[in-house]
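# Survey of secondary and tertiary structure
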Amino acid sequence: MSNQGPKTLFDKIWSEHLVGQREDGTNLLYIDRHLVHEVTSPQAFEGLKISNRPVHRPEATIAVADHNVPTINRQNIEDPQSKIQVETLAKNTKEHGIQYFDLMDQRQGIVHIIGPEQGITQPGMTIVCGDSHTSTHGAFGALAFGIGTSEVEHVLATQTIVQNPAKNMRISVNGELPFGVNSKDLILYIIGKIGTAGGTGHVIEYSGSSIMGLSMEGRMTICNMSIEAGARAGLISPDQTTFNYIKGRPYAPGTEHWDQAVEYWSSLPSDNDANYDHEIVIDSSEIDPMVTWGTSPEDVVSVKGTVPNPRSAKTENKKKSIERSLEYMGLKPGTKITDIKLDKIFIGSCTNGRIEDLRKVASIVKDKKIASHVQAMIVPGSGLVKKQAEEEGIDKILKDAGFEWREAGCSMCLGMNPDQLKPGERCASTSNRNFEGRQGRGGRTHLMSPELAAASAITGNISDIRDFT
Amino acid sequence: MDKFHSLKGIAAPLPIVNIDTDMIIPKQFLKTIKRTGLGVSLFYEMRYDNDGNLIKDFVLNTSPYDQSKILVAGDNFGCGSSREHAPWSLKDFGIRSVISTSFADIFYNNCFQNGILPIVVNPENLDQLMTAAKNQIEFTIDLPEQVIKAGNHLIKFEIEEFRKERLLQGLDDIGITLGYKDKINAYEEDKKNKKPWLFKNN
């Protein structure tokens, strides 16, 4: 990467954070903020202890328990292993002087929800977390990516990471989004188009009028699922929408530094003639509400479509992969997506567990009842999202419709806590992964937007929001 | 970290694309606070039935593949989450190298932190190695020479020099970086002046 010439947003953040080069030719990248949760950190803290190494800059790290936590009866974690993991995080953070939002703290929630909510996430920062959905924070124009536990230990000990630059990919989406189509449909469409390995080795910058017209919540949904397209990080240029969102939040720059920060943030968007290794342009008018039919996020189709036929696959590998998915999902080729009957509805996760998502669901299910054969659960992304929803009366609308109203956490997105699918159960889920067994062994996941999941809860079948009145 | 120099052994064929980290090690095993003991749970849902009995025809449950040191797998191996439990479980089982046409970035990186060598080959070579694995032909992987030998096949592979050195010497990455502590401190001092809001504690 040259220091002269036009730069992308990624190039600018990268060069600002370069501490230097090690003798082995690798780069040391400085990390501004490190988010830590209970599942991927205990071994890192143990490693520090064994080597007798301190945490280099404890105030740059913020910790929260989210993956394991119960969404009911949270005073008591019944699973002894989950309990140990959560207690271990409390102990480790105390020992090293790291800020920790405990389970009774209203600020507790999914790590990728609370970072932005608290104003911890800011443009131009480097942010890491032992969690692949760290890409979410890229919505603010921060370079944010998931790391393994060994790297968590490295960041704790040195506040840097060993890294070589990624390639630049730009996906531009232009035009007004059609009725019924929102950010979740957009990112599912993109993943379907480029595949789950399409972004491997790249940072994806999303741009174009459709993207820049999205709220911060919508932008977070897009960047969140960059990892499902194989990219460790997604990026969106910071703009006035970004600054308005951050201003006044607890960890945001205060008045004494606000203007200086905004001036710097305003210099971050990619230069007009910056060079990308890969460019994709999408016209948003070609996008429908999207639903996954298989066991990979790339197995996606319009809600108006049908389950694909393995015979239509271009390669033998793809054919086998479709056959395997259909067998697991219990689906026959040619079935209309809207003929698929559901057992469960899950609304939540770091992809779609924000206040805007809950408001959309409430507007759709207001004065209606969920189908009698369906169990529907709504898990706010954080304690503060929950509180706000309750202040707006959203909880009442949802409960009246038949939804279970839970405490904040990752919940059934990955089913580490008791919220799981039983074998064969079929779920409309606003989360991010439809892998085999992800939401519970034998469980069948259909990823979709909160709007579609809400409409589907009412009808009991996967439903097109555009047909729903 | 364990060193990796060369490896000789049987390779298990796993001709599935997009093998994700949930498949490699499902969520219920992420509750551990240790790095070890995960080998028995590797590929849990493919290896065991609902009652916890071994599924006899799954490749890693059959002899000689239950002693495999190498996996040959379909494209985009290790996609999904950042859980380092995936390489920990592979290593605990005895797998020290995975061969595929591509790997997800985080998984690829995590392997090197644990003395596991992920090798990228082209689709034609993957087919040859998959067949060799199915025929139970012994593989030899030579890292210094960057070559896989399996029967008549001699396949060269690429690896970044710094990764190769780290595996060969089993280097402690944090120890190396702490050697640059003065540079890190100097960087922080500079940024405290230029971007003070990043150092303000609320």
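For the structure itself, look to the data block above.
Here's a quick rundown of the structure. On a predicted model such as this, the values are computed, not experimentally measured, just so you know.

### As for the overall build of chain B
A tally of helices and strands in chain B yields eight helices and eight strands. Reported as C-alpha extents along the three principal axes, the dimensions of chain B are approximately 65 × 45 × 25 Å. Expressed as a percentage of its 202 residues, the buried residues of chain B come to 60%. Within chain B, contacts between residues at least 6 apart in sequence are counted, and of these 65% link residues at least 24 apart. As displayed, chain B has an accessible area near 8300 Å², and 47% of this comes from carbon and sulfur atoms. When the 25 positive and 27 negative side-chain charges of chain B are each reduced to one mean point, those points stand 6 Å apart.

### Side note on the interface of chain A and chain B
Of the residues lining the interface, 82 residues belong to chain A; the matching set on chain B comes to 62 residues. Along the contact surface separating chain A from chain B lie seven salt bridges. Here Asp79(A) and Lys31(B) are joined by a salt bridge, their closest N and O atoms 2.6 Å apart. Top element by residues in the side of chain A that touches chain B is helix α5 (residues 149–158) of chain A. It accounts for seven residues. Here the side of chain A that touches chain B is built from residues that sort into 23 nonpolar, 37 polar and 22 charged.

### Side note on the packing of aromatic side chains
Scanning the entire structure with this criterion turns up 14 aromatic pairs over all chains. Plain terms: the ring middles of Phe140(A) and Tyr245(A) are 5.4 Å apart, the flat faces sit at 65 degrees to each other, and that makes the pair edge-to-face. With Phe140(A) in the loop between β6 (126–129) and β7 (143–146) and Tyr245(A) in helix α9 (residues 240–246), the pair connects residues that are 105 residues apart, well separated along the chain. Ring geometry for Tyr264(A) versus Trp197(B): centroids 6.1 Å apart, planes at 45 degrees, classification tilted. Here Trp197(B) lies in the segment after α8 (181–194) and Tyr264(A) lies in helix α10 (residues 255–266), a pairing that spans two chains. Trp197(B) shares its class with Tyr264(A); the two are buried.

### Looking at the side chain of Arg232(A)
Mapped onto the elements of the fold, Arg232(A) is located in the loop between α8 (216–224) and β11 (233–235). In this structure, Arg232(A) is buried with no salt-bridge partner, the nearest side chain bearing the opposite charge being Glu151(A) at 4.0 Å. Here the side chain of Arg232(A) touches Gly146(A) through a polar contact of 2.8 Å, landing on its backbone oxygen. Aside from chain neighbours lying at most four places away, what touches Arg232(A) is Ser135(A), Ala144(A), Phe145(A), Gly146(A), Ile147(A), Glu151(A), Gln163(A), His202(A), Ile227(A), Asp105(B), Ile106(B) and Asn109(B).

### Examining the side chain of Ser463(A)
Residue and element names in this part refer to chain A. As for its position among the elements, Ser463 is in the segment after α16 (450–459). A distance of 3.0 Å separates a polar side-chain atom of Ser463 from the backbone oxygen of Asn461. Beyond its immediate sequence surroundings of up to four residues, Ser463 is in contact with Val303, Thr338, Leu452, Ala455 and Ser456.

### Here's the deal with the layout of surface pockets
To find leftover empty space, one rolls a probe the size of a water molecule over the atoms. All names here are of chain A. In this structure, the second largest pocket encloses a volume near 610 Å³. Every residue lining the second largest pocket is counted, 24 residues in all, and those nearest its centre are Glu298, Lys314, Thr315, Lys318 and Ile322. Sorting the residues of the lining of the second largest pocket by element identifies α6 (183–194) and α11 (316–329) as the ones contributing at least two each. Per element, the largest residue contribution to the lining of the second largest pocket is four residues, and it comes from α11.

Parameters and conventions
Residues numbered from 1 in each chain as written. Chains lettered and ligands numbered in written order. Predicted model: local features only at pLDDT ≥ 70, side-chain atom pairs only at ≥ 80, totals over all residues. Heavy atoms only, no water. Helix = DSSP H or I, 4+ residues; strand = E, 2+ residues; numbered from the N terminus. Buried < 20%, exposed > 50% of the residue type's maximum accessible area, 1.4 Å probe, protein only. Contact = heavy atoms within 4.5 Å. Areas by Shrake-Rupley, 256 points an atom, 1.4 Å probe, with all protein chains shown as cover. Lys, Arg positive; Asp, Glu negative; His and termini not counted. Charge placed at Lys NZ, Arg CZ, Asp CG, Glu CD. Salt bridge = Lys/Arg side-chain N within 4 Å of Asp/Glu carboxyl O. Nonpolar A, V, L, I, M, F, W, Y, C, P; charged D, E, K, R; others polar. Phe/Tyr/Trp six-rings, centres within 6.5 Å; stacked < 30°, edge-to-face > 60°. Polar contact = N/O pair within 3.5 Å; in protein donor to acceptor, adjacent residues only side chain to side chain. 1 Å grid on protein atoms, 1.4 Å probe; cavity = no way out; pocket = protein on both sides within 12 Å on 5 of 7 lines; lining within 4 Å. Points joined across faces, edges and corners; volume = space filled by probe spheres on them.

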